[in-house]
Amino acid sequence: MTDVLNLWKAGLGEVPEDVWERTGLRVLILADNGLTRLSPGIGRLQRLHTLDLGHNRLAEAPGELGELRGLTRYLYLHDNRLTRLPPELGRLDGLAYLNVGENRIGELPPETGDMAGLVELRAQHNELAGLPESIGRLGRLRELWLRGNRITSLPTAFSALAQLRHLELRDNALESVPEPLRALPLLRQLDLRSNRLRGIPDWVAELPSLEKLDLRWNGFEERGDELLPLRALRERGCAVLT
């Protein structure tokens, strides 16, 4: 019996119960099936390392997802109708990639910080006004995608994300560059397009690894001292887009 089950665009509407009996599955793809619910039986698939539930109509993700401790590679929950994530997801401490983008999620649960294995987290186009302080415990995180939310600030603990390389904050509600970013030694790409920035602090020029800074469509006037950090970045070879 194969350990991969690909039911992408199979027109299911609902997952057949016998799928939950296939406990040897390593990869399960249920994307784009018009699913509105998931059976608690999904918790039986203990050997899954990849689960794709994207492009469905799920309004709720069952807590039984937290029982999938073998889920170490990918979990796709994007393009659904989720308003919250179950706190049980925090049990997935070996998961490397989580995509919950294109939903209606108002906040990430504090248990997100327990997902210590995360390397990439995508939560773009939701309704996030901020992030939990626990985000700072994601010590392996390299990429964070937050475009199209309502974020006005970042928690102080964000400064602990020492492995972060790519941060997308486009289309949010930031009025200043978040102070915790100044502590990120490996940050290479910072996307701040379409916020409400009024200026750029001097410390931005001191970010040691920054290679690309995108500031377009913010509406602040670059004049006087505000130009100095950008000039310093350009002089060292950083691509600055304004």
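In the block above lies the structure referred to throughout.
The rules behind the values
Residues numbered from 1 in each chain as written. Predicted model: local features only at pLDDT ≥ 70, side-chain atom pairs only at ≥ 80, totals over all residues. Heavy atoms only, no water. Helix = DSSP H or I, 4+ residues; strand = E, 2+ residues; numbered from the N terminus. Buried < 20%, exposed > 50% of the residue type's maximum accessible area, 1.4 Å probe, protein only. Contact = heavy atoms within 4.5 Å. Areas by Shrake-Rupley, 256 points an atom, 1.4 Å probe, with all protein chains shown as cover. Lys, Arg positive; Asp, Glu negative; His and termini not counted. Charge placed at Lys NZ, Arg CZ, Asp CG, Glu CD. Core = buried A, V, L, I, M, F, W, Y, C linked by side-chain atoms within 4.5 Å. Pairing = 2+ DSSP bridges. Axes fitted to C-alpha atoms, helices over the stretch in contact; angles between N-to-C directions. Salt bridge = Lys/Arg side-chain N within 4 Å of Asp/Glu carboxyl O.

A. Quick look at the overall build of the protein. Helix and strand counts for the protein stand at one helix and eleven strands. Along the protein, from the amino end to the carboxyl end, the secondary structure elements read β-β-β-β-β-β-β-β-β-β-α-β. Based on the C-alpha atoms only, the size of the protein along its principal axes is roughly 65 × 30 × 30 Å. By residue count, 50% of the 242 residues in the protein fall in the buried class. Within the protein, residue pairs in contact and separated by at least 24 positions form 31% of the contacts whose partners lie at least 6 positions apart. Total accessible area on the protein is roughly 11000 Å²; 44% of this is exposed by carbon and sulfur atoms. Across the protein, the 32 positively charged side chains and the 35 negatively charged ones have centroids separated by 3 Å.

B. Quick peek at the environment of Trp217. On the secondary structure map, Trp217 appears in the loop between strand S10 (212–214) and helix H1 (227–235). Classification of Trp217 as exposed rests on a relative accessible area of 52%. When the C-alpha atoms of Trp217 and Gly13 are compared, they prove to be 42 Å apart, with 204 residues separating the residues in sequence. Apart from the residues within four sequence positions on either side, Trp217 is in contact with Arg170, Arg193, Ser194 and Asn195.

C. Examining the nonpolar core more closely. Grouped together as the largest cluster of nonpolar side chains are 69 residues, with contacts concentrated most on Leu28, Leu51, Phe158, Leu167 and Leu213. The residues touching Leu213, leaving out its near neighbours within four places in the chain, are Leu190, Leu192, Val204, Leu230, Leu233, Cys238, Ala239, Val240 and Leu241.

D. The arrangement of the sheet that holds S10 in detail. What the eleven strands build is an open sheet, ordered S1-S2-S3-S4-S5-S6-S7-S8-S9-S10-S11; its pairing is parallel. Either end of the sheet is taken by a strand with one partner, and the two such strands are strand S1 (4–6) and strand S11 (239–241). In this sheet, neighbouring strand axes are inclined to one another by 5 degrees on average, regardless of whether the strands run parallel or antiparallel. Note: strand S9 (residues 189–191) against S10, three bridges, orientation parallel. Paired with Gln189 across the strands is Lys212, a residue of S10.

E. Examining the pattern of salt bridges more closely. On inspection of all chains with the given rule, the structure shows twelve salt bridges. Residue Asp171 is joined to Arg147 by a salt bridge in which the shortest nitrogen-to-oxygen separation is 3.0 Å. With Asp171 in the loop between strand S8 (166–168) and S9 and Arg147 in the loop between strand S7 (143–145) and S8, the pair connects residues that are 24 residues apart, well separated along the chain. Residue classification places Arg147 among the partly exposed residues on the basis of a relative accessible area of 26%. When the shortest N-O distance is used, the salt bridge between Arg193 and Asp214 registers 3.2 Å. One end of the pair, Arg193, is in the loop between S9 and S10; the other, Asp214, is in strand S10, with 21 residues separating them in the sequence. For Asp214, a relative accessible area of 3% puts it in the buried group.

F. Layout of the side chain of Gln124. Position of Gln124 relative to the elements: it lies in the loop between strand S6 (120–122) and S7. For Gln124, a relative accessible area of 12% gives the class buried. Leaving out residues up to four positions away in the same chain, Gln124 has contacts with Asn99, Gly101, Glu102, Trp145, Leu146, Arg147 and Asn149.

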